[in-house]
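What the coordinates show
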Amino acid sequence: MTQPPKLARKIFEWFAGAAFVEDLLGDLDELYFIHVKTKSAFVAKWLYWKAVLSLIFSYALKKRKAKRAVSMYASSLSAGLLRNYFKVAVRSLYQHKYFTMLNAFGLAVGMSVSLLLLSLISYVQTYDNFHANRHNIYTITSERTEGVEQLSWALAPHVLTDKLKENPNVKDVVRINSYFRETVKLPQGLIPLNGYYVEPNFLDVFTYEVTQGNAKYTLSQPNQIIITETAAQKIFNATDVVGKTLNLTNGHLVEIGAVMKDRPINSHFKFELLASLSSLPQPQASVSDQWMYFDFQYLYVLLEQTASASDFQSYLDKISVETYAKLPVKVAFELQHLNDIALGPDLRMAIGPKWEASGMIVFAIICTMILLPACFNYTNISIARALKRAKEIGLRKTLGGVKYQIFFQFITETVVITFIAFIGALVMFYFMRTEFQKMLVASNSLDLSLTVRMAFYFLLFALGTGLVAGVFPALYFGGLNPIQALKNKAHKGSSAMRVRKVLTVFQFVLSFGFILSLVVFSKQYKYSLNFNFGFTKENIVNVELQGTQPQLVKNEFSKLASVQSMAMSSQVMGLGYYNTWIKDSEEDSTEVAHMYVDENYIPMFGLTLLAGTNFQEEAGLTEKFIIVNEEFVKEYKIPAPIDAIGKTYKVEGTELQVIGVVKNFHYAPLRYPIKKFFFRNNPKKFTYAHLKVNTTDAFAMFTDFENQWKKLSPEQKLDASFFEDDLNEGYSNYVVLLKMVGFLGLLAITISILGLLGMVVYTAETKAREVSIRKVFGASVLNLNYLLSKEYLKLMVWAVGIGAPVTAYLIYLVLPRMQYYSTTVSVWDVLISIVILLALGIVTVWSQTNKAALANPADTLRSE
Amino acid sequence: MKTYLGELEELVLLTIAALGEEAYGVSIQQDLEERCNRSISIGALHSTITRLEEKGFLKSWLGGATQERGGRSKRFYEITQAGKKAVVEAKSVRDELWSLSKIKLSVK
């Protein structure tokens, strides 16, 4: 009796692989024997071949193969399996406590900064969500081109309103002018008030709760305002203030027509009061000027539910093209949804608190730079420790574990450790939160307490971090060959080694950058504090006049023994400056910084007159003279200071004559270069008294000052401080910066040190036998230390080699942008940073290698 | 979801039902050939069966190894409740169409 063709069967079996085909083979054989009974053996064999072919290409076999690609018992991830993964993960993490701690701590540090960013974003996303019409409110922003200067503004000209109303999709247009910055005169002192000028429809479009008074009527009447409850408390210590009037320092009287609840802080509007737009004088400028110059003007439109934003945008484009065709300034309008304002593109003159996208991106980059190294550490340490886990994986695979199950097991492990780290990060987040908020400019529009939205983001983030950190090791473990793994030959991956080295070098470059920035920025801070400003700053006390008569102040304070001399001025020099426009004899206007002083000012502050004379006492009520600085002379191309004397310039409509030239000094903060500047003499503008003092007991002196002050102005508090402190205060942003860089640097360095520690511990562990044998043969402790650490020392050298030039150059570029008069990066700074980094690295490495080198060889080798 | 039942699928289902306890690969193929004069390859048959199993119309079990199969077991098939429903539905659609047909359908 003939047999079915063996070759065909073999081919079929080979092709079927692991798939279950016993029944199919049986069917083939049975058919063969049926055929053999009626046909020749050859035909039967031929039919067998045909049947085999038909099966090979059949859907049935394809399906059976797919089914067998996973093991018979694990065609899916059952709950039981997941529980097992979790248990194995917890056990393995518990077993390697040291590494778990290293990993969890590193990840926690890395995640903590990102939590700040997430909480910030999560809060900013709630901005303006309390307006009932929020889905259909848009603002109009403008891109203004004048000559070569092209800038984006949050502003839009109010003359656009009528054109907007012509569009049938526009339900309402709200006009806002943000220029309400007045000061209220009160018995207890002066209180600044900021707000917006708006029309009654402001309250139709935006949702605010008015508690007293007729809001709509108020906003339609000139010189009437709606005040918020907090502002009312601030001024009157009460909230039922409707009908009261406020005395403004500009001479106007305004009446409070209504009181409203405080605006929620999560809004891009920020105001203490709303005044009626009709209080503002009608614009005097020509219509074309109104289209071109529109400071403080904002437009909001409420569109119909059905309106399409893109259609409206093209309508705006059309208006822009028609209107600006013949004007020298071009403005393109852009529609921006209410939700996009708070976290939108960078715009100038935003109406209230705003979180610029660029700042957010920088912050996000910093977060990533801190977080990624922490993830790298995990990846590094996990792969390095593959040897320890290889047997487990080999066994799992032999018993039917498939690639994706191993993958899933290790992902589970990573996610477990990430969540442990996440709890740590949350704790750090709680401690960092307040400090962080202090550093932000718009921090009073921010509330970082935990919300549901935030919790959701946090959890998602923790999961994502786990996936990022775990995906590479999990893939690696999943792909291990079980036979090699069981033979302990799994750990041969040279490419994985290289990746690890690159990652480590990257971390240390980053750490080096932070150390160098810290060194250079603290140098810059010291440099600014000790800078020679060109004037005396010692032993001078600044007293704010707060509306009292300069002459009276002078009389009272000069009675004190500690006061040697006294000068008056309009501002504190070196902190900020004001500009005005002047015209020369050819009627060319230029912007120049200026300041009002009296005749004692120049000698008292130690300024040097290069030519001409000082102001004279009793200059009279009308201004006549100015004293200019060297730069002024140079910019007007006057050959020598002496030639400038007697020239006249038109300042705010008055001809003023130059009577003196002073040597250049830093009237502005060091951030700005010295430009044209002049002193002028007008007692009406004095707001500060400067006292030259000589005392050993500053406390007693200030008590004297307070007593004198009480005679002058009993209701107000004395506002006096040392000039030097005021100046130093102006550079306190460096303290914030140093704090921030220091903190971030600490995080980055901690993470890289942790990573290094993990790697070294691992090396010391795996090379324990080698070290012991060498020791038995007489190697010294120093030799052994070098043997174990040389690989890492090499990496550190690499990091310094790459990091030093790159970061030094970056900081060199940044410094003058931060401050015009700045220090530079010196070789010493770089050297100090290198020493710090190497010291940290070497201490870390040797703390572990030394332990290994000192170990008793008998302990290690006993098991052999 | 209503699953579509192809013509061959319907035939295979009915054949399995007709064969009762003895429905496995070879017997189904032979029966189809004898009764319906349909000669299909074993690959095509098993593909159809696999599809029917996926649709949940068939269930199977192993057993009945014989000498002429080289001692290999057979895979027996049985029609499920859902399978029964599907064929009955297919039949009722046809019956309805028959009863509604306007022209006289008869073969002379």
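Rules used in this analysis
- Residues numbered from 1 in each chain as written.
- Chains lettered and ligands numbered in written order.
- Predicted model: local features only at pLDDT ≥ 70, side-chain atom pairs only at ≥ 80, totals over all residues.
- Helix = DSSP H or I, 4+ residues; strand = E, 2+ residues; numbered from the N terminus.
- Contact = placed C-beta atoms within 7 Å.
- Buried ≥ 20, exposed ≤ 12 C-beta atoms within 10 Å, placed from the backbone.
- Pairing = 2+ DSSP bridges.
- Nonpolar A, V, L, I, M, F, W, Y, C, P; charged D, E, K, R; others polar.
- Expected span 1.5 Å × (residues − 1).
- Axes fitted to C-alpha atoms, helices over the stretch in contact; angles between N-to-C directions.
- Parallel < 35°, antiparallel > 145°, perpendicular 65-115°, else oblique.
- Left-handed = near helix turned anticlockwise from the far one by under 90°.
- pLDDT = per-residue confidence, 0-100.

1. Description of the overall build of chain B
- Regarding its fold elements, chain B presents 4 helices and 2 strands.
- Restricting the contact set of chain B to residue pairs at least 6 apart, pairs at least 24 apart contribute 46%.

2. Notes on the overall build of chain A
- Along chain A, the regular secondary structure elements total 29 helices and 22 strands.
- Taking all 864 residues of chain A together, 36% fall into the buried category.

3. Describing the environment of Phe294 of chain A
All names here are of chain A.
- Its location among the elements puts Phe294 in the loop between α11 (287-292) and β10 (297-303).
- With 117 residues separating them along the chain, Phe294 and Asn177 place their C-alpha atoms 9.7 Å apart.
- For Phe294, the contacting residues outside a window of four places in its chain are Leu155, Ala156, Pro157 and His158.

4. So, the pairing of strand β6 (residues 224-228) of chain A
All names here are of chain A.
- With respect to burial, β6 is a largely interior element, 5 of its 5 residues being buried.
- Burial along β6 is two-sided: the residues Gln224, Ile226 and Thr228 and Ile225 and Ile227 are all buried.
- With 5 bridges joining them, β6 and strand β8 (residues 253-260) adopt parallel strand pairing. Across the sheet, the residue bridging to Thr228 is Met260, located in β8.

5. Quick look at the interface of chain A and chain B
- Each side of the interface is counted separately: chain A has 18 residues, and chain B has 19 residues.
- Of all the secondary-structure elements, those providing two or more residues to the side of chain A that touches chain B are α2 (22-38), α3 (41-56) and α4 (59-68) of chain A.
- Examining the composition of the side of chain A that touches chain B, we find that 10 residues originate from one element, α2 of chain A, more than from any other.
- Taken together, the residues of the side of chain A that touches chain B sort by class into 9 nonpolar, 3 polar and 6 charged.

6. Comments concerning the environment of Leu861 of chain A
All names here are of chain A.
- Here Leu861 lies in helix α29 (residues 857-861).
- Note on Leu861: 14 C-beta atoms within 10 Å, which makes it partly exposed.
- Taking the C-alpha atoms as reference points, Leu861 and Glu770, separated by 91 residues in sequence, lie 9.6 Å from one another.
- Discounting residues that sit within four places of it in the chain, Leu861 has contacts with Arg769 and Ser772.

7. Considering helix α2 (residues 25-36) of chain B
- In a regular helix each residue adds 1.5 Å, so 12 residues correspond to 16 Å; α2 of chain B covers 16 Å between its end C-alpha atoms and thus fits that length.
- The inward-facing, buried residues of α2 of chain B contact α2 of chain A together with α1 (7-19), α3 (42-55) and β2 (74-79) of chain B.
- Positive backbone phi, approximately 60 degrees, marks Asn37 of chain B, located one or two places after α2 of chain B.

8. Some points on the sheet that holds strand β12 (residues 540-544) of chain A
Residues and elements named next belong to chain A.
- Here we have 4 strands laid out as an open sheet, ordered β13-β21-β12-β22, and antiparallel in their pairing. Every interior strand has two partners, whereas the edge strands, β13 (563-569) and β22 (720-722), have only one. Averaged over all adjacent pairs, the angle separating strand axes in this sheet is 25 degrees, with direction ignored.
- In this structure, β13 lies alongside strand β21 (residues 688-693), joined through 6 bridges in antiparallel fashion. By the bridge assignment for β21, Val563 is matched with Val693.
- Set on the sheet, helix α24 (residues 723-730) makes contact with β12 and β22; between it and β22 the angle comes to about 80 degrees.

9. Considering the packing of helix α13 (residues 357-384) of chain A against helix α16 (residues 452-478) of chain A
Residue and element names in this part refer to chain A.
- In the contact formed by α13 and α16, the axes pass within 9 Å of each other and the chain directions differ by 25 degrees. Of the possible angle classes, the one that applies to α13 and α16 is roughly parallel. The way α13 lies across α16 gives a crossing that is right-handed. Of the residues in α16, those touching α13 at Leu371, Cys375, Tyr378, Thr379, Ser382 and Ile383 are Thr465, Val468, Ala469, Phe472, Pro473 and Tyr476.

10. Overview of the packing of α1 of chain B against α3 of chain B
All names here are of chain B.
- Look at α1 against α3: their axes get within 10 Å of each other, and the N-to-C directions meet at 85 degrees. Relative to α3, α1 is oriented roughly perpendicular. In this structure, α1 uses Leu8, Glu9, Val12 and Leu13 to contact α3, whose residues at the interface are Thr48, Ile49, Arg51 and Leu52.
- A per-class count over the contact of α1 with α3 returns 5 nonpolar, 1 polar and 2 charged.

11. Description of the confidence of the model for chain B
- Per-residue confidence for chain B averages 87 on the pLDDT scale, and 93% of its residues sit at or above 70.
- Here the complex is predicted with pTM 0.68, and the ipTM for its interfaces comes to 0.88.

12. Quick word on unusual backbone geometry
Residues and elements named next belong to chain A.
- Not every positive phi belongs to a glycine, and Asp128 is a case in point at roughly 60 degrees.
- Mapped onto the fold, Asp128 is located in the loop between α6 (97-124) and β1 (137-146).
- Asp128 gets classed as partly exposed once you count the C-beta atoms within 10 Å, which come to 18.
- Although it is not a glycine, Asn223 sits at a positive phi angle of roughly 55 degrees.
- Relative to the helices and strands, Asn223 is located in the loop between α9 (215-220) and β6.

13. Section: the environment of Arg263 of chain A
All names here are of chain A.
- Mapped onto the secondary structure, Arg263 falls in the loop between β8 and β9 (273-276).
- Sequence spacing of Arg263 and Glu209 is 54 residues, and the spatial spacing of their C-alpha atoms is 8.5 Å.
- In contact with Arg263, not counting residues within four places along its chain, are Tyr208, Thr228, Phe269 and Phe271.

14. Describing the confidence of the model for chain A
- Predicted confidence across chain A gives a mean pLDDT of 85, with 96% of residues reaching 70 or more.
- Mean pLDDT across the elements of chain A bottoms out in helix α17 (residues 482-486) of chain A (77) and peaks in β10 of chain A (92).

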